[in-house]
Amino acid sequence: MAEYFDMGKYAFFVWGSYGMVAVCLLVEVLMLRRRRRTILHQLSRMIRIKERESA
Amino acid sequence: MLSVQALACERGDKKLFDNLSFEVEAGHALHVHGPNGAGKTTLLRALCGLVAPAAGRICWDGEDIHDLREDYFRKVSYFGHLNALKDELTGLENVVLGLGLAGHAVEEAAVSEMLARLGVEICQDLPVKVLSQGQKKRVALARIMLAGTPLWILDEPFTALDVHAVDVLSRMIVEHVTNGGMAVLTTHQDVGLDLSQVRHIHLGKRG
Amino acid sequence: MLSVQALACERGDKKLFDNLSFEVEAGHALHVHGPNGAGKTTLLRALCGLVAPAAGRICWDGEDIHDLREDYFRKVSYFGHLNALKDELTGLENVVLGLGLAGHAVEEAAVSEMLARLGVEICQDLPVKVLSQGQKKRVALARIMLAGTPLWILDEPFTALDVHAVDVLSRMIVEHVTNGGMAVLTTHQDVGLDLSQVRHIHLGKRG
Amino acid sequence: MGALRSILVRDLTIAMRRKADVLTVLFFFIIVVSLFPLGIGPEADTLRTIAPGVMWVAALLASMLSLGRLFYNDYMDGTLEQMLIAPQPLGLLVMGKIIAHWLLSGVPLVLITPLLGLQYDLSADALLVLVAALLLGTPILSFLGAIGAALTLGLRGGGALVSLLVLPLYIPVLVFGAGAVDATVSGLGAEAHLALLGAGLLLSLVLAPWATAAALRIAFE
Amino acid sequence: MGALRSILVRDLTIAMRRKADVLTVLFFFIIVVSLFPLGIGPEADTLRTIAPGVMWVAALLASMLSLGRLFYNDYMDGTLEQMLIAPQPLGLLVMGKIIAHWLLSGVPLVLITPLLGLQYDLSADALLVLVAALLLGTPILSFLGAIGAALTLGLRGGGALVSLLVLPLYIPVLVFGAGAVDATVSGLGAEAHLALLGAGLLLSLVLAPWATAAALRIAFE
Amino acid sequence: MSINWFKYSSPASFYPLAGSMIPWFTAAAVLFGLVGLYVSFFVAPLADWQQGQSYKIMFIHVPAAWMSMFIYVVMAFWAIVGMIFKTRLSFMMGSALAPTGAIFAFLGLWTGALWGKPTWGTYWVWDARLTSQLILFFLYIGYIALASAIEDPRRADRATGLLAIVGVVNVPIIYFSVKWWSTLHQGSSINFNPAGADQRALSMTDSMFVAMLLMTFCFWCYTIAVALYRVRCEMVEREKNNDWVQDLVKSGDA
Ligand code: HEM
Ligand SMILES: Nc1ncnc2c1ncn2[C@@H]1O[C@H](COP(=O)(O)OP(=O)(O)OP(=O)(O)O)[C@@H](O)[C@H]1O
Ligand SMILES: Nc1ncnc2c1ncn2[C@@H]1O[C@H](COP(=O)(O)OP(=O)(O)OP(=O)(O)O)[C@@H](O)[C@H]1O
Ligand SMILES: [Mg+2]
Ligand SMILES: [Mg+2]
């Protein structure tokens with residue numbers, strides 16, 4: 001197993017590539033989700049304020 | 001004839017006005033009133049085609065100005081918050097070249113005379129850079145006066161002008177309109193425009 | 001107390017005024033009149049130390065302002081043709097940081113209140129870039145009002161303001177002066193400043 | 001055509017009123033070209049190898065630097081909005097401005113190049129090709145740059161932003177321009193490179209004013 | 001000190017409001033560095049020789065390009081004249097602005113350099129010295145640049161004029177900075193060069209804010 | 001069956017449609033990814049006869065490089081559609097792709113560099129394909145910088161659209177110019193021949209080819225899912241004052 005992960009001495013290069021791909025895609029997804037949550041948060045607050053005002 | 005139908009304008013996510021309709025015929029003037037931030041400047045820029053309205057149509061002699069483009073621009077002069085003067089050039093050169101860009105060839109003598117009428121004859125050979133606020137305004141106004149277009153769109157033309165200049169300018173506007181021209185203008189100052197054919201529009205509440 | 005002795009200013013090769021002497025005491029205002037290009041802006045900038053006079057002295061409590069420097073600047077607020085606002089920052093941030101630069105710490109609440117008094121409470125969270133001419137002016141004025149300096153130097157503070165704002169501002173100036181402050185101002189508009197202690201200076205002839 | 005002429009006259013008059021502008025672009029070019037020997041060392045062989053590349057990069061940067069002037073001043077003082085509502089085709093006015101820009105920023109570089117080439121010990125042949133390539137290439141830089149300048153108009157940080165947009169587009173010009181000289185030096189003949197530059201010039205002459213005019217309209221909406 | 005802090009906070013806040021500004025200087029640097037191989041050719045040996053010179057010239061140009069922002073915006077919107085009549089020592093305010101400028105334009109360059117060094121096939125040693133030299137040298141560029149920016153304030157063509165004034169002043173930094181790397185590569189050790197850069201930094205730290213303040217006052221007279 | 005495409009060009013009706021498509025593409029991306037990784041690591045030959053196990057990088061390098069080029073073309077396509085039909089949605093689709101495209105461009109560079117070290121002995125050479133990939137990355141960055149520098153969304157749409165179109169005209173020009181440049185004076189220290197890589201790609205064993213294809217589909221579905229997600233965020237941000245957004249938020253369907 002350990003030998004397999006060693007990738008014939010190319011572990012750094014192979015896992016470095018796959019790792020960076022994973023990190024990039026993951027970060028993109030997480031940032032998108034955070035962006036969406038903050039918008040919806042702000043929006044619902046805005047709507048609540050507006051409803052309170054009109055009431 | 002300028003006619004506006006059901007015009008609406010937005011900036012950012014703020015609706016400035018909507019469902020605005022009016023007409024300006026030859027020999028008529030339109031005075032746009034409203035507090036700061038009401039959308040007067042936005043309306044005037046929309047009338048020039050510089051701002052795209054959110055809804056509605058602006059027509060010149062029945063055709064949409066966005067289709068007419070150059071044919072409409074030939075009829076309009078716009079005087080905005082910016083003077084459109086080149087700091088390096090003298091007052092005279094500014095007016096001559098400014099008119100040249102708009103496709104009007106004028107004689108220097110006519111420009112000199114107009115600058116004199118506006119009380120800035122001594123500015124004609126000074127670079128605009130060194131002029132005072134009011135002097136710059138007057139030089140910029142000379143361009144509008146000489147362009148010979150039927151429709152003048154003037155955004156607060158009286159700011160920075162002294163009492164005498166306000167008087168001269170308002171008489172020029174009156175003269176233009178009574179000779180069959182059109183004018184759309186805004187001003188916060190209480191200027192006595194001696195016109196019978198003037199319509200008023202009030203935009204927005206304060207804020 | 002501001003006192004000016006035999007002041008002369010030149011721009012280029014033009015002598016704008018000379019041998020000008022006057023004093024502004026606590027509880028007094030000075031209204032500088034004159035046609036466009038007379039040198040009002042130049043005079044006001046000289047009083048702030050932004051323009052070096054050709055001759056004469058400007059003193060604060062008897063000492064030349066060019067010797068006092070920071071000690072004098074602590075007493076003055078200048079409101080010029082430029083608003084000194086950062087387009088990117090909101091109205092509130094602009095006032096707070098602007099005052100911070102001038103060494104005055106203020107609470108946000110006080111700023112909000114002042115913006116509300118000036119009728120631009122809704123602008124406090126908008127970037128200044130999107131505001132209208134008049135709204136920008138008002139935000140800029142809020143800074144002067146909150147700085148708490150005794151001497152206000154105001155170059156055409158009323159331009160671009162609507163009728164309501166002109167009224168609010170002129171009452172603020174009156175209040176400042178009657179409370180022992182000083183103000184030097186220019187304006188071409190006919191603003192009713194309800195002050196007994198106001199002195200008038202007339203600069204230059206038209207040109 | 002009248003529009004094109006009147007805007008050319010205007011821009012050149014203003015430039016003559018402020019000669020410093022023209023001279024500074026020129027001096028920027030000279031200084032950048034002269035900085036390299038200082039940073040790299042005085043070996044004649046190395047210098048001769050890198051000369052075409054350095055000159056072209058310096059020309060790119062000089063042209064790009066002067067893009068700031070192209071529309072910004074007109075934008076700030078309101079002249080540009082008057083142009084937008086002028087009864088003349090905007091594309092023509094833009095063309096006039098771009099030609100003025102090239103006359104003021106491109107031509108001086110081309111003229112000074114032979115002198116600078118001597119610093120780098122270039123042969124007469126190579127110099128001739130370099131000048132020809134610059135003559136064909138610098139107008140392309142002005143045309144492409146105008147698009148970038150129009151797109152970033154009025155945006156803060158515009159100066160740096162425009163370089164980000166424009167430099168990648170400049171790369172083919174750089175490659176063919178520097179390639180032309182290299183080809184001459186290695187005896188291959190520069191015709192192909194120069195022909196490609198000429199084709200690029202024609203293409204950008206036709207398309208860029210139109211794209212720039214569109215970008216300007218967008219900037220004002 | 002309060003003044004220094006409040007202006008730093010202000011400038012950084014504005015920059016954070018417009019992140020594009022910071023990033024564009026960085027990418028300008030990256031692009032300029034990447035342009036040279038395109039002009040010069042892909043030979044690794046040549047590239048390795050010219051690498052320090054290229055990086056330093058690019059850093060000079062990037063720093064210079066961002067000088068435009070340093071005072072101009074404040075000048076145009078009237079904030080600068082308010083600073084001049086603020087009851088705080090002008091030198092301190094200026095110092096705050098320069099530090100903000102370095103944080104926003106110098107530091108990012110230093111951080112990205114190792115990556116770019118790989119493109120030019122530089123050794124680890126050489127890279128380390130390059131980074132150290134940039135760390136000492138880029139603040140000098142900001143300090144010297146501020147003087148030039150202040151002197152050209154409000155002059156049309158300022159962007160190009162400032163480069164004319166400032167680039168000659170930058171030359172010693174370039175020579176010692178690039179020299180430090182060359183010395184390491186040839187095994188001589190870079191201490192002397194780095195020490196000189198450090199001395200230059202101290203000198204400019206003390207003198208430049210004062211000179212800049214004086215230049216600003218002159219610009220307003 | 002005829003679908004009224006223009007109906008879906010209005011944000012209010014596209015929003016729920018996009019919402020219902022996201023889970024499918026996400027699932028497809030995960031599925032293709034898992035199978036692709038399995039084939040890459042356990043089915044495909046353990047090592048290439050020439051490059052050893054470092055060749056495993058190919059399974060992400062090539063799809064990432066492909067995606068980065070493909071996405072730029074799609075962005076330009078949406079920009080042209082937007083300019084012609086004046087639909088806001090097309091512009092939004094275009095700009096929603098940009099960050100993902102930039103990420104793939106970066107990943108192409110990164111994985112390529114990490115592959116280059118073991119195969120060529122250096123992280124970077126100024127080869128035509130590498131250089132034009134770098135420039136493509138810069139084009140993406142320029143696009144994003146321009147988009148974020150413009151506040152008014154309408155202006156941002158049209159300006160970035162124009163830039164995408166100008167850029168896509170230039171990408172092939174850049175590619176061929178750079179290619180010609182580096183073959184003209186190919187450095188002696190570089191013994192990598194892009195044509196050789198092509199041949200090897202053709203002669204790849206089937207399992208290698210399948211793995212690469214699967215990873216490409218994975219990235220493809222990922223891109224679509226993420227772009228739709230981003231477009232939905234963008235819509236809500238832009239139209240937060242419109243009734244349909246507020247109704248959605250109130251009803252909790254957003
Ligand atoms: C930083 C370094 C690298 C970059 C930027 C890069 C970039 C690219 C690009 C843009 C493509 C797609 C081109 C196309 O389909 O025509 C590609 C494909 C490919 N690359 Fe790389 N690459 C790099 C390093 C490498 C290395 C070191 C190898 C192997 C030794 C390699 C092998 C391949 C292969 C086999 C393909 C597929 C070829 C094809 O489908 O035609 N690349 N690379
Ligand atoms: N992005 C935005 N978000 C919110 N409000 C905005 C935005 N952009 C502009 N506005 C608002 O739009 C209005 C623009 O008004 P405009 O400049 O047309 O006013 P005006 O009537 O000419 O005022 P003034 O008399 O002060 O010149 C202002 O109230 C401004 O606050
Ligand atoms: N270099 C110069 N040569 C000649 N005249 C100059 C020069 N520089 C400035 N001036 C003149 O100096 C005057 C500057 O006046 P200033 O700006 O102080 O006027 P102001 O009273 O504020 O006018 P306004 O009411 O229009 O604001 C102008 O008349 C201008 O023409
Ligand atoms: Mg207005
Ligand atoms: Mg004045």
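Everything below is about the structure printed above this text.
Cut-offs applied
Residues numbered from 1 in each chain as written. Chains lettered and ligands numbered in written order. Predicted model: local features only at pLDDT ≥ 70, side-chain atom pairs only at ≥ 80, totals over all residues. Heavy atoms only, no water. Helix = DSSP H or I, 4+ residues; strand = E, 2+ residues; numbered from the N terminus. Rg over C-alpha atoms; globule rule 2.2 N^0.38 Å. Buried < 20%, exposed > 50% of the residue type's maximum accessible area, 1.4 Å probe, protein only. Contact = heavy atoms within 4.5 Å. Areas by Shrake-Rupley, 256 points an atom, 1.4 Å probe, with all protein chains shown as cover. Lys, Arg positive; Asp, Glu negative; His and termini not counted. Charge placed at Lys NZ, Arg CZ, Asp CG, Glu CD. Expected span 1.5 Å × (residues − 1). Buried area = accessible area lost by both parts, 1.4 Å probe. Salt bridge = Lys/Arg side-chain N within 4 Å of Asp/Glu carboxyl O. Nonpolar A, V, L, I, M, F, W, Y, C, P; charged D, E, K, R; others polar. Donors = N, O, S within 2.8 Å, 3.2 Å for Na, K, Ca; no water. Near = heavy atom within 4 Å. Polar contact = N/O pair within 3.5 Å; in protein donor to acceptor, adjacent residues only side chain to side chain. Core = buried A, V, L, I, M, F, W, Y, C linked by side-chain atoms within 4.5 Å. Patch = residues over 30% accessible without salt bridge, like charges linked within 9 Å, V, L, I, M, F, W, Y side chains within 5 Å. Pairing = 2+ DSSP bridges. Axes fitted to C-alpha atoms, helices over the stretch in contact; angles between N-to-C directions.

K.L.:
Just checking my understanding: could you explain the overall build of chain D for this structure?
P.N.:
Summing up its helical and strand segments, chain D has 9 helices and 0 strands in all. Each helix and strand of chain D, placed in order from N terminus to C terminus, yields the pattern α-α-α-α-α-α-α-α-α. Relative to a compact globule of 221 residues, whose C-alpha radius of gyration would be 17 Å, chain D shows 18 Å and is just as compact. Based on the C-alpha atoms only, the size of chain D along its principal axes is roughly 55 × 35 × 30 Å. Residue burial in chain D is summarised as follows: out of 221 residues, 67% are buried. Relative to all contacts within chain D whose residues are 6 or more apart in sequence, the contacts with residues 24 or more apart total 80%. Accessible surface computed for chain D: about 7000 Å², of which carbon and sulfur atoms make up 72%. Charge separation in chain D, taken as the distance between the mean sites of 10 positive and 12 negative side-chain charges, equals 15 Å.

K.L.:
I'm lost on helix α6 (residues 133-147) of chain B in this one. Help?
P.N.:
Quick reminder: α-helices carry 3.6 residues per turn. Residues three or four places apart thus point the same way. Residue and element names in this part refer to chain B. Between its first and last C-alpha atoms α6 spans 22 Å; for 15 residues at 1.5 Å apiece the expected length is 21 Å, and the two agree. Most of α6 sits out of view: 14 of its 15 residues are buried. Positive backbone phi, at 70°, marks Gly148, one or two positions downstream of α6.

K.L.:
Just checking my understanding: could you explain the interface of chain A and chain F for this structure?
P.N.:
A common way to state how big an interface is: give the accessible area lost once the parts meet. Across the boundary between the two partners, chain A contributes 29 residues, which contact 43 residues of chain F. Between chain A and chain F the total buried area reaches about 3200 Å² when both faces are included, carbon and sulfur atoms providing 72% of it. The shortest N-O distance in the salt bridge between Arg230 of chain F and Glu28 of chain A comes to 2.8 Å. With 25 residues, helix α2 (residues 11-54) of chain A is the single largest residue contributor to the side of chain A that touches chain F. Taken together, the residues of the side of chain A that touches chain F break down into 19 nonpolar, 4 polar and 6 charged.

K.L.:
Teacher, can you tell me more about the coordination of the iron atom of ligand 1 here?
P.N.:
When a metal holds four donors in a tetrahedron, each ideal angle between them is 109.5 degrees; when it holds six in an octahedron, the ideal angles are 90 or 180 degrees. Exactly one protein atom donates to the iron atom of ligand 1; that atom is His61 of chain F (NE2), 2.1 Å from the metal. Turning to its location among the elements, His61 of chain F is positioned in helix α2 (residues 58-85).

K.L.:
How do you make sense of the site of ligand 2 when you look at a structure like this?
P.N.:
With respect to spatial proximity, 21 residues lie near ligand 2, and among them Lys40, Thr41 and Thr42 of chain B together with Ser132 and Gly134 of chain C are the closest. What surrounds ligand 2 is not a single chain but chains B and C. Between an oxygen atom of ligand 2 and a side-chain N or O atom of Lys14 of chain B, the distance comes to 3.2 Å. A distance of 2.7 Å is found between an oxygen atom of ligand 2 and a backbone nitrogen or oxygen belonging to Lys40 of chain B. The fraction of the free accessible surface of ligand 2 (660 Å²) that becomes covered by protein chains is 91%. When residues of the shell around ligand 2 are traced back to their parent elements, those giving at least two are β2 (14-24) and α1 (40-48) of chain B together with α6 (133-147) of chain C. When grouped by side-chain class, the residues that make up the shell around ligand 2 number 6 nonpolar, 11 polar and 4 charged.

K.L.:
Can you help me understand the nonpolar core in this one?
P.N.:
Soluble, globular proteins show a tendency: their nonpolar side chains are buried together. The biggest cluster of nonpolar side chains holds 337 residues, and the ones touching the most others in it are Leu43 of chain C, Phe71 of chain D, Phe71 of chain E together with Phe59 and Phe219 of chain F. Not counting the four nearest positions on each side in its chain, Phe71 of chain E is found in contact with Leu80, Val94, Lys97, Ala146, Ala149, Ala150, Leu153, Thr212 and Leu216 of chain E.

K.L.:
Would you explain the pattern of salt bridges in this entry?
P.N.:
Two side chains with opposite charge may pair up if their charged atoms get near one another. Tallied over the full model, the rule gives 38 salt bridges over all chains. Ionic pairing is found between Asp64 of chain C and Arg57 of chain C, a salt bridge with its closest N-O pair at 3.8 Å. In this structure, Arg10 of chain E engages Asp11 of chain E in a salt bridge whose closest nitrogen and oxygen atoms are separated by 3.1 Å. Look at Arg10 of chain E and you get buried, because its relative accessible area is 3%. Since its relative accessible area comes to 12%, Asp11 of chain E is described here as buried. Where salt bridges share partners, they join Lys86 of chain B together with Arg10, Asp11, Asp74, Asp77 and Lys97 of chain D into one cluster.

K.L.:
Help me out: how do you make sense of α1 of chain B in this one?
P.N.:
All names here are of chain B. Within α1, 8 of the 9 residues are buried, leaving the element largely enclosed by the surrounding structure. Within the sequence span of α1, burial applies to Lys40, Thr42, Leu43, Leu44, Arg45, Ala46, Leu47 and Cys48. Where α1 terminates, the next one or two residues include Gly49, which has phi positive at roughly 85°.

K.L.:
Is there a simple way to explain the interface of chain F and chain E in this structure?
P.N.:
At the junction of the two partners, chain F supplies 20 residues and chain E supplies 18 residues. At the boundary of chain F with chain E, total buried surface from both sides reaches about 1500 Å², with 74% on carbon and sulfur atoms. Our enumeration of links across chain F and chain E arrives at 0 salt bridges. Inspection of the chain F/chain E interface yields 1 residue pair in polar contact (both at pLDDT 80 or more). Contributing elements (two or more residues each) for the side of chain F that touches chain E: α4 (128-149) and α5 (153-184) of chain F. Top contributing element to the side of chain F that touches chain E by residue count: α4 of chain F, with 9 residues. Split into classes, the residues belonging to the side of chain F that touches chain E amount to 13 nonpolar, 6 polar and 1 charged.

K.L.:
Where do I start with a nonpolar patch on the surface in this structure?
P.N.:
A grouping of Leu202, Leu203, Leu205, Val206 and Leu207 of chain D together with Val169 and Ile173 of chain F is seen on the molecular surface, where their side chains present a nonpolar patch of about 610 Å² in accessible area. Elements represented by at least two residues in the nonpolar patch include exactly α9 (191-220) of chain D together with α5 of chain F. For the nonpolar patch, the element with the most residues is α9 of chain D, which contributes 5 residues. With respect to the helices and strands, Leu202 of chain D occurs in helix α9. What makes Leu202 of chain D exposed here is its relative accessible area of 57%.

K.L.:
Quick question: what am I supposed to make of the arrangement of the chains here?
P.N.:
No other pair of the 11 pairs of chains in contact has as many contacts as chains A and F. A gap remains between chain A and chain D, which never touch, and the nearest two C-alpha atoms on either side lie 23 Å apart. The two units chain A and chain E are non-contacting; their minimal C-alpha-C-alpha distance is 16 Å.

K.L.:
Quick question: what am I supposed to make of the sheet that holds strand β8 (residues 182-186) of chain B here?
P.N.:
Two pairing modes exist for strands in a sheet, parallel and antiparallel, and in both the strands are linked by backbone hydrogen bonds. Residue and element names in this part refer to chain B. On the basis of which strands lie adjacent, the open sheet formed by 5 strands has the order β6-β7-β8-β3-β9 and parallel pairing. Strands at the two margins of the open sheet, each flanked by one partner only, are β6 (76-79) and β9 (198-202). Looking at each pair of strands side by side, their axes are set apart by 15° on average, direction ignored. Note: strand β3 (residues 29-33) against β9, 5 bridges, orientation parallel. Each residue of the ladder has a partner; that of His33, found in β9, is His202. Against the sheet, α1 makes contact with β3, β6, β7 (151-155) and β8, and its axis sits at roughly 155° relative to β7, the strand it touches most. Strands β6 and β7 of the sheet are contacted by α6, whose axis makes an angle of about 170° with β6.

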